[in-house]
Amino acid sequence: MLQNFLKIAFRNITRHKGFAFINIAGLTLGLTACILIGLFVWDEHQYDKFLPNGDQVYRVYDEYTNSEGTQMMAVTPPMFASTLDKDFPEVEKTARVMMMAEYKTLFEAGKNKLYEQSGYFVDSTFFDVFPLTFKYGSSVKALDDPNAIVISQEMAERFFGSDDPVGKQILKDKTPYLVKGVFEKDPKFHLQFNYLISLSAMQIPGERMQSWSWHQFVTYAKLKKGVDVNTLESKFQNYVKLNANSLTNDAATSLDKPLFQPLKRIHLYSADFKFDLAQRGNIIYVNALTIIAIFILLIACFNFINLATAKSLQRAKEVGVRKSVGAGRTQLMVQFIGETVLMTFISILLSFCLAMFLLPWLNDFTNKDISFSVFANPVVWMLLLALTLVVGVIAGFYPALVLSGFKPVKVLKGNISADETPGKIPWLRHGLVITQFALSVLLIISAIVVFKQVDYLHNKDLGFNKEQIMFFPMRGDNMFNKADAFKNELLKVPGVSYVSIGYGFPGDAVAGDEIIVSHNGRQTTQSATQITADYDYVKTLGLHVIAGRDFSKEMKTDKDHAWIINETAVRQLGFQTPQKALGQDLYWHPWGASNPDSLKTGKIIGVVKDFNYKSLYDKVETTVIQIFPDAAWKVAVKIKAAGIGNSINGVKNAWNKFTPEYPIEYKFLDENFEQMYTAEDKLRSLLLIFTCIAIFIGCLGLFGLAAYTAERRKKEVGIRKVLGASTQNVVMLLSKDFIALVVISLFIASPIAWIFMNKWLQDFAYRIHINWWVFAVAAIASLSIAFITVSFQAIKAAIANPVKSLRTE
């Protein structure tokens, strides 16, 4: 019975080759997009699922509020973990990871000398919270000693080959450490690192570790079984609110609100967190891609319904004959749905092969390592089978209902017309065409908005000149001890305009701390971004001084008692204008001071125009610039465009004169900003690709509908031509109905697209406005595509010989 059913189904499919080809092509493209997007989405949801008892581990983050608003911060004060350990019995273990500026560190073992970037200082309890697998050594007490280090398997192979490195020495920036273990990295762990060192090696002063305002640590808590995290969260929030100020006399603590984030939500639900170490995705982008995949698949299904119902008249006699020999409606519906399921199955096979071919491109594009090994899971095959049945039934049910509803007497007498087919098919076809093009227009408008915003991100005036600035960290005691001599050597290089040594360059890590403002006879505390600089920071970056002056070596007080602030600081610190800010007093507790109560005092000597040192997701914050050599260890070299290659070589030669034992690791400042928007660049490309696929599938269906419309109306066209209608008249006659449907879809899709894209833009502190011309471009593109698609068939019908179409009359 199944064999006969398949034989009949294949015969019907091959008999209607054009119809089958268009539908299989559309379904194949739609299913391929769904498989690729599905693999990406599935992979994004796999983070942190490999850990045993991972559901008991939470990241404690900080909802931090100050005068500039509320923001989610992944970093917390050190006392969060200490308090949870000491005063909350619901917590089994805590672990802190210290937030450090990301830069490569030189490691040496034997003759091997390489830079490693990914590594952290962590609490010795780290492996109690995250039980990673060890290839060599043991995680038990691995980080108890300050001079202990654990390294990844990949790092062990780079430095020690295939030998067991446990017990061997490795140098980190000339400081010896003893390898206590080798762990196996998991690419689905939200923290990616090649080495870990005990936090005790930092020798941080005890009073600093008791701070409630020093946001420098990512805090994790492993809860005991059965603990209600919501109750614990509320309890801890009350503790911080009620006790922290009295413990530390720190007024800023009342602005902290600790929250507990499940481990498995970190990767996808932390896109808006500040100062985060996690490998982050974005649930908004994942959901957007999922919706796009559903859109594309729906467009392909609507194609099938449209074409099948349009073609129903050509199969009417077949239905009439089968009904006259005893076939029931249920039997006919099963046959027609079976044909649809069979075409869907063929499309699934083709899309699977196409997805295998495109998977390497997807991995390269997304920097992932997705493999088809997932299809070794029988559950996945069950899902594919279910997808085949669901798509087949969705696409085939209504056409089957229509076809099986023909009356055999009318059909066999030839008394049935397109307007008499069951279910008022023209209205359905019109609705589906409108839906198809509404979805396509929605994608077109979204693509235009994303393109414009990404272009804005890359080209907005950031308030400084980021071009031709070579950027690198200093290395070695000799370079640090002779920083001024090194700077003078760099200035001798032909093509070098300016050199600045500091910490807090745009696109790189910046530090935050509190400053005390003396204004109108009272003192207030304000959080601020601290940039430590030298006399040439402003000139090197090309910042615009709008009031006062730049730092000057001629002014002896500038080194220890001068500040430059930005426009935002003028507003946030209560000064009415930049001019009125000049001469005002600022105070700051210097980092690393032997006396924690000591203050650096100084006056504001200048105001610079706001400049974006972070990504355009973030607003410019209160920023103060000071000369503070103790925290200056990164170098920015402004190079002229002409002869830039020779200038780079000159910088390398100057480097080798001061620290030849360290290879120079440099990049250009503009590269930092380009890397900030990698996710948006990829979203732009993916949206373009999938929009083109959706439009192409929609055009396949429109092309097929136009062909069948032209075929059905060929006698009408012939009569009109005999009566004098021109080719242009005929083209407009056959095209106007489709164009009207596209116009309706524009009115439906445009406001929906505006709502969704305006909401997406709200994530950016600096963004474009959606102008009217975006919708005009989408309208012109949609109408042009539809007209070109339909007019091909319309012109073909218009230039046909009317004698051939009328000879049977």
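Computed from a predicted model, the values in this text were never measured in an experiment. (Residues numbered from 1 in each chain as written. Predicted model: local features only at pLDDT ≥ 70, side-chain atom pairs only at ≥ 80, totals over all residues. Heavy atoms only, no water.)

Peer 1: Break down the overall build of the protein chain for me, citing the residues and quoting the values.
Peer 2: Looking only at helices and strands, one finds 26 helices and 24 strands in the protein chain. Contacts in the protein chain between residues at least 24 apart in sequence constitute 79% of all its contacts with a sequence separation of at least 6. Here the protein chain displays about 37000 Å² of accessible surface, and carbon together with sulfur accounts for 57% of that area. (Helix = DSSP H or I, 4+ residues; strand = E, 2+ residues; numbered from the N terminus. Contact = heavy atoms within 4.5 Å. Areas by Shrake-Rupley, 256 points an atom, 1.4 Å probe, with all protein chains shown as cover.)

Peer 1: Quick rundown of the pattern of salt bridges? Include the residues and the values.
Peer 2: Tallied over the full model, the rule gives 27 salt bridges. For Asp-508, the salt bridge goes to Lys-634, with nearest N and O atoms at 2.6 Å. Here the residue Asp-508 occupies a position in the loop between β15 (496-502) and β16 (511-519), and Lys-634 occupies one in strand β23 (residues 634-639), the gap between them amounting to 126 residues. Take Asp-508: its relative accessible area is 16%, and that puts it in the buried class. What makes Lys-634 buried here is its relative accessible area of 3%. (Salt bridge = Lys/Arg side-chain N within 4 Å of Asp/Glu carboxyl O. Buried < 20%, exposed > 50% of the residue type's maximum accessible area, 1.4 Å probe, protein only.)

Peer 1: Give a detailed account of the state of the cysteines, specifying residues and quantitative values.
Peer 2: Structurally, a disulfide amounts to a covalent bond that connects the sulfur atoms of two cysteines. Within this structure, the stated rule accounts for zero disulfides. Cysteine Cys-34 remains unbridged, with the sulfur of Cys-301 as its closest cysteine sulfur at 8.9 Å. In this structure Cys-34 comes out as buried when scored by relative accessible area, which is 16%. (Disulfide = S-S within 2.5 Å.)

Peer 1: Mind laying out the packing of helix α23 (residues 714-722) against helix α24 (residues 727-761), listing which residues take part and the relevant values?
Peer 2: For the pair α23 and α24, the least separation of the axes is 10 Å and the interaxial angle reads 150°. With respect to α24, the axis of α23 lies roughly antiparallel. Along this stretch, α23 crosses α24, giving a crossing that reads as right-handed. In this structure, α23 uses Glu-716, Val-717, Arg-720 and Lys-721 to contact α24, whose residues at the interface are Val-730, Leu-733 and Leu-734. Tallied by class, the residues present in the contact of α23 with α24 amount to four nonpolar, no polar and three charged. (Axes fitted to C-alpha atoms, helices over the stretch in contact; angles between N-to-C directions. Parallel < 35°, antiparallel > 145°, perpendicular 65-115°, else oblique. Left-handed = near helix turned anticlockwise from the far one by under 90°. Nonpolar A, V, L, I, M, F, W, Y, C, P; charged D, E, K, R; others polar.)

Peer 1: Please provide a residue-by-residue account of the environment of Asp-513, values included.
Peer 2: One can find Asp-513 in strand β16. Of the residues examined, Asp-513 reaches a relative accessible area of 22% and is grouped as partly exposed. Each C-alpha atom, one on Asp-513 and one on Gln-530, is 6.5 Å from the other, the two residues being 17 residues apart in sequence. Those residues in contact with Asp-513, other than ones at most four positions away along the chain, are Gln-526, Ser-527, Ala-528, Gln-530, Trp-588, His-589 and Trp-591.

Peer 1: Any details on the pairing of strand β3 (residues 91-98)? Residues and values, ideally.
Peer 2: The buried fraction of β3 is high, at six of eight residues. Of the pairings in the sheet, the one linking β3 to strand β12 (residues 217-223) comprises seven bridges and is antiparallel in character. In the sheet register, Ala-95 faces β12, and the bridge partner there is Tyr-220. (Pairing = 2+ DSSP bridges.)

Peer 1: Quick rundown of the packing of aromatic side chains? Include the residues and the values.
Peer 2: A full pass over the atoms with the stated rule returns 35 aromatic pairs. Judged by centre distance (5.4 Å) and plane angle (90°), the rings of Phe-126 and Phe-127 are edge-to-face. No difference in accessibility class separates Phe-126 from Phe-127, as the two residues are buried. Considering the side-chain rings of Phe-472 and Trp-655, the 5.7 Å spacing of their centres and the 80° angle between planes classify their relative orientation as edge-to-face. Residue Phe-472 is located in strand β14 (residues 469-473), and its partner Trp-655 is located in helix α20 (residues 644-658); the two are separated by 183 residues in the primary sequence. For Phe-472, a relative accessible area of 0% puts it in the buried group. By relative accessible area, which is 1% here, Trp-655 ends up buried. Three or more aromatic residues joined by ring pairs form one cluster here, namely Tyr-120, Phe-126, Phe-127, Phe-130, Phe-134, Phe-183, Phe-189, Phe-193 and Tyr-220. Against the face of Tyr-766 rests Lys-460, its NZ or CZ located 5.0 Å from the ring centre. Lys-600 extends its terminal NZ or CZ atom over the ring of Trp-563, reaching a point 5.2 Å from the ring centre. (Phe/Tyr/Trp six-rings, centres within 6.5 Å; stacked < 30°, edge-to-face > 60°. Lys NZ or Arg CZ within 6 Å of the ring centre and 35° of its normal.)

Peer 1: Help me get a handle on the environment of Met-155, residues and values and all.
Peer 2: Along the polypeptide, Met-155 turns up in helix α5 (residues 153-160). Looking at Met-155, the relative accessible area reads 0%, which means it is buried. Between the C-alpha atoms of Met-155 and Leu-114, which are 41 residues apart in sequence, the distance is 9.9 Å. If we ignore the near neighbours within four places in the chain, the residues touching Met-155 are Phe-107, Glu-116, Ile-170, Asn-194 and Tyr-195.

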